[in-house]
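Each chain is listed here by its residues.
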Amino acid sequence: MVMGKVGGIILDESVVFGRDDENGNASVLPAAEYLLRKLRHSSIPTGISYGLSLSTHKMSLLKRTAKLHSCDCFSLDASSLDNALNGIGLNWGDAGGIILYLVSNDKKDVFLKMTDRGWLIIVPNVEGGNAGENSSLLYIKKLEELPLTICRLNKKAVNYNVVTVGFIMKPSREEDFAKRGAFPMRPTENGLIFMPLTFDLPISSQLEEIDVILHKATDEIISVELSSSSEFADKVTFTRGMNELERYMAHYPDFCSIDPLKNIYPVLDRLKIQQILHDLEDLNKEGCKTIRGPHFLKIDDFNEPDLGQRLLEANLTLPSIVKPQIACGVADAHSMAIVFKVEDYKDLSTPLPAVVQEYVDHSSSIFKFYVLGERVFYAAKKSTPNADVLMKLSEKHGFKPLVFDSLKSLPIDKENQNVGDGVCSKDSNQFIDLDLVTDAAIWLRRRLDLTIFGFDVVVQEGSGDHVIVDVNYLPSFKEVPDTIAIPAFWDAIKSRFESLKTKQAMSLPPTQVNHFT
């Protein structure tokens, strides 16, 4: 097979369009749509080619598809190969590697003429393998297998060891990371290649090609069951594909994951996180600012007769914020309420079990911290107003609790306070103790044993207490400039992988150590 780094990818229209329907209309194949989405932000030039006989309808669809996925369009026909190749060369220049040409087996008149042009011809929907003695021709079973091929070629082409990172997360989250350049299929400066995983192919065959997996497993949760005790996590039900991945990692315990599933379980449980944050008091020193978690109380029944007394014993005053104990992965995990009267708990719709959390007056400023391996970043943003403003907002709604979905909107009083999603002014940085919060970030990283996570800090008016009100796994860290955040993201993954491999090597008998070096 032709070897070398992948310099460009061309999908022929024969693998892009499906069969015409009864009205003669064409559509883009789902597999081609999937592949074009993956390639759009791969850092590899991508194009769609077409023959001179392509219908007007298909040409219009092809151009719309190319525009949607930021692809080039090329005329490529057996009768005018030289002109077509010159056009591609003018458009892409020196692609810096081999060109992959995906084309249907029905167009042999085109691709057989191109096997001596230095391209690798890939024919999908045929049993995989090289085409006999022809090293420029490769058959694959499915179009979705192309990322595997790209990964193999790029890994073999470089002259140094690279780490292949397989990643899985919901499409919208993947798109958010990918468009910022986080998942290139070409090697990064620190030697990473990213390969998207798909549950449409056997997961085991994909994992054989990668060195470490990066997942947002919370995107693959179907349900979470909680016990009646204070301990979390009697059962987390994942999608079928994630279950397969979980079984694979259980069968191969040395397989590297960022991060192991067991490490993210505490982040799923707001009660567990509150209990962990309670131990932050070990960082505090007399005469210095304090960092802590909020006061909290777990509730299994809003109709508890002694609820008011329990709230007082937990040092909770009104108003307080009520959150589901399950923090993510299920539909109503972000359904919350701010309660102003004890009697209003009785009719509350927030899912049970729930965690009642202290509402901290924080001058509408929240600090979002991001931990990427050894590095800590932060951004100051606008947040919900103080309790007195919330009380006025509650009055407008008949003195009822303020119920909201924290992913969609926050309770704010736009008439009395300018609260939005914008970044706070630089003046807001004057009352945040960055050294104190950085120490807490390092403490949390060790305690949770997570590589990439985030947490939110508010500074309490009056006392100056720094209160960590939320912790989340693999956040987008979108407030940090991409030129800074993405290299730090890559370094965090590489460092974690190397650390895991070092630990594995140290735990092996001396005769097996060379396996990892």
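What you see is a predicted model, and the numbers here were worked out from it, not measured in a lab. (Residues numbered from 1 in each chain as written. Predicted model: local features only at pLDDT ≥ 70, side-chain atom pairs only at ≥ 80, totals over all residues. Heavy atoms only, no water.)

Okay, the packing of helix α11 (residues 270-278) against helix α14 (residues 434-448) next. At their nearest, the axes of α11 and α14 sit 11 Å apart, and the two run at 125 degrees to each other. On the basis of the axis angle, α11 is oblique to α14. The handedness of the crossing between α11 and α14 is right-handed. Of the residues in α14, those in contact with Ile273, Ile276 and Leu277 of α11 are Trp443, Leu444, Arg447 and Leu448. Here the contact of α11 with α14 is composed, by residue class, of 6 nonpolar, no polar and 1 charged. (Axes fitted to C-alpha atoms, helices over the stretch in contact; angles between N-to-C directions. Helix = DSSP H or I, 4+ residues; strand = E, 2+ residues; numbered from the N terminus. Parallel < 35°, antiparallel > 145°, perpendicular 65-115°, else oblique. Left-handed = near helix turned anticlockwise from the far one by under 90°. Contact = heavy atoms within 4.5 Å. Nonpolar A, V, L, I, M, F, W, Y, C, P; charged D, E, K, R; others polar.)

On to the packing of helix α10 (residues 261-268) against α11, then. Running from N to C, α10 and α11 cross one another at 90 degrees; their axes reach a closest spacing of 5 Å. Classified by the angle between their axes, α10 and α11 sit roughly perpendicular to one another. Between α10 and α11, the contacting residues are Pro266, Val267 and Leu268 on the first element and Arg270, Lys272, Ile273 and Ile276 on the second.

With that settled, the discussion passes to the sheet that holds strand β23 (residues 466-473). Two pairing modes exist for strands in a sheet, parallel and antiparallel, and in both the strands are linked by backbone hydrogen bonds. Taken in spatial order, the 5 strands line up as β14-β23-β22-β19-β20 in an open sheet, and their pairing is mixed. Each having just a single partner strand, β14 (291-292) and β20 (375-382) make up the two edges of the open sheet. Of the pairings in the sheet, the one linking strand β22 (residues 452-459) to β23 comprises 7 bridges and is antiparallel in character. Pairing of Val458 across the sheet is with Val467, part of β23. Sitting on the sheet, α14 touches β14, β19 (365-372), β20, β22 and β23, and the angle it makes with β22 is about 140 degrees. (Pairing = 2+ DSSP bridges.)

Turning to the pairing of strand β10 (residues 212-215), a few remarks are in order. The two faces of β10 match: Val212 and Leu214 on one face and Ile213 and His215 on the other face are all buried. Across 4 bridges, the pairing between strand β8 (residues 163-168) and β10 is parallel. Paired with Phe167 across the two strands is Leu214, which belongs to β10. Note that β10 and strand β13 (residues 256-258) share 3 bridges and pair parallel. (Buried < 20%, exposed > 50% of the residue type's maximum accessible area, 1.4 Å probe, protein only.)

Turning to the pattern of salt bridges, a few remarks are in order. By the definition in use, this model includes 20 salt bridges. We note a salt bridge from Asp219 to Arg173, for which the minimum N-O separation is 2.8 Å. Of the two residues, Asp219 sits in the loop between β10 and β11 (221-225) while Arg173 sits in helix α7 (residues 171-178), which places them 46 residues apart along the sequence. We note a salt bridge from Lys381 to Glu479, for which the minimum N-O separation is 3.4 Å. Linking Lys381 in strand β20 with Glu479 in the loop between β23 and α15 (482-507), this pair joins segments that are 98 residues apart in sequence. One salt-bridge network, in which partners are shared between bridges, spans Asp12, Glu13 and Lys107. (Salt bridge = Lys/Arg side-chain N within 4 Å of Asp/Glu carboxyl O.)

Put simply, the protein has an average pLDDT of 85, and 89% of its residues get 70 or more. Across the protein, the secondary-structure element scoring lowest on mean pLDDT is strand β6 (residues 129-131), at 55, and the one scoring highest is β22, at 96. Within the model, the stretch residues 415-430 combines pLDDT values under 50 with 28 contacts to residues more than four positions away or in other chains. Taken together, the stretch residues 511-517 has pLDDT below 50 and engages in 6 contacts with residues farther than four places along the chain or on a different chain. (pLDDT = per-residue confidence, 0-100.)

This part is about the packing of aromatic side chains. Tallying each qualifying case throughout the model produces 17 aromatic pairs. With centroids separated by 5.4 Å and ring planes inclined at 5 degrees, the aromatic side chains of Phe369 and Phe455 adopt a geometry described as stacked. Residue Phe369 is located in strand β19, and its partner Phe455 is located in strand β22; the two are separated by 86 residues in the primary sequence. With respect to burial, Phe369 and Phe455 carry one shared label: buried. Over the ring of Phe177 we find Arg180, and its NZ or CZ is 5.9 Å from the ring centre. (Phe/Tyr/Trp six-rings, centres within 6.5 Å; stacked < 30°, edge-to-face > 60°. Lys NZ or Arg CZ within 6 Å of the ring centre and 35° of its normal.)

Our next topic: the sheet that holds strand β18 (residues 354-358). Read across the sheet, 5 strands follow the order β15-β18-β16-β17-β21 without closing on themselves; strand pairing throughout is antiparallel. If you trace the sheet from one side to the other, it starts and ends with β15 (296-299) and β21 (402-405), each paired once. Sheet twist, expressed as the mean angle between neighbouring strand axes with direction ignored, is 25 degrees. Pairing of strand β16 (residues 320-324) with β18, which is carried by 5 bridges, proceeds in the antiparallel orientation. Bridge pairing in β18 links Lys323 to Val355.

What follows is about empty space enclosed by the protein. This model, assessed by the stated rule, comprises 1 cavity of 30 Å³ or more. Considering only enclosed or pocket space, the largest cavity measures out at about 80 Å³ in volume. Where the lining of the largest cavity is concerned, the elements lending two or more residues are α11 and β23. Taken together, the residues that form the lining of the largest cavity break down as 5 nonpolar, 2 polar and 3 charged. (1 Å grid on protein atoms, 1.4 Å probe; cavity = no way out; pocket = protein on both sides within 12 Å on 5 of 7 lines; lining within 4 Å. Points joined across faces, edges and corners; volume = space filled by probe spheres on them.)

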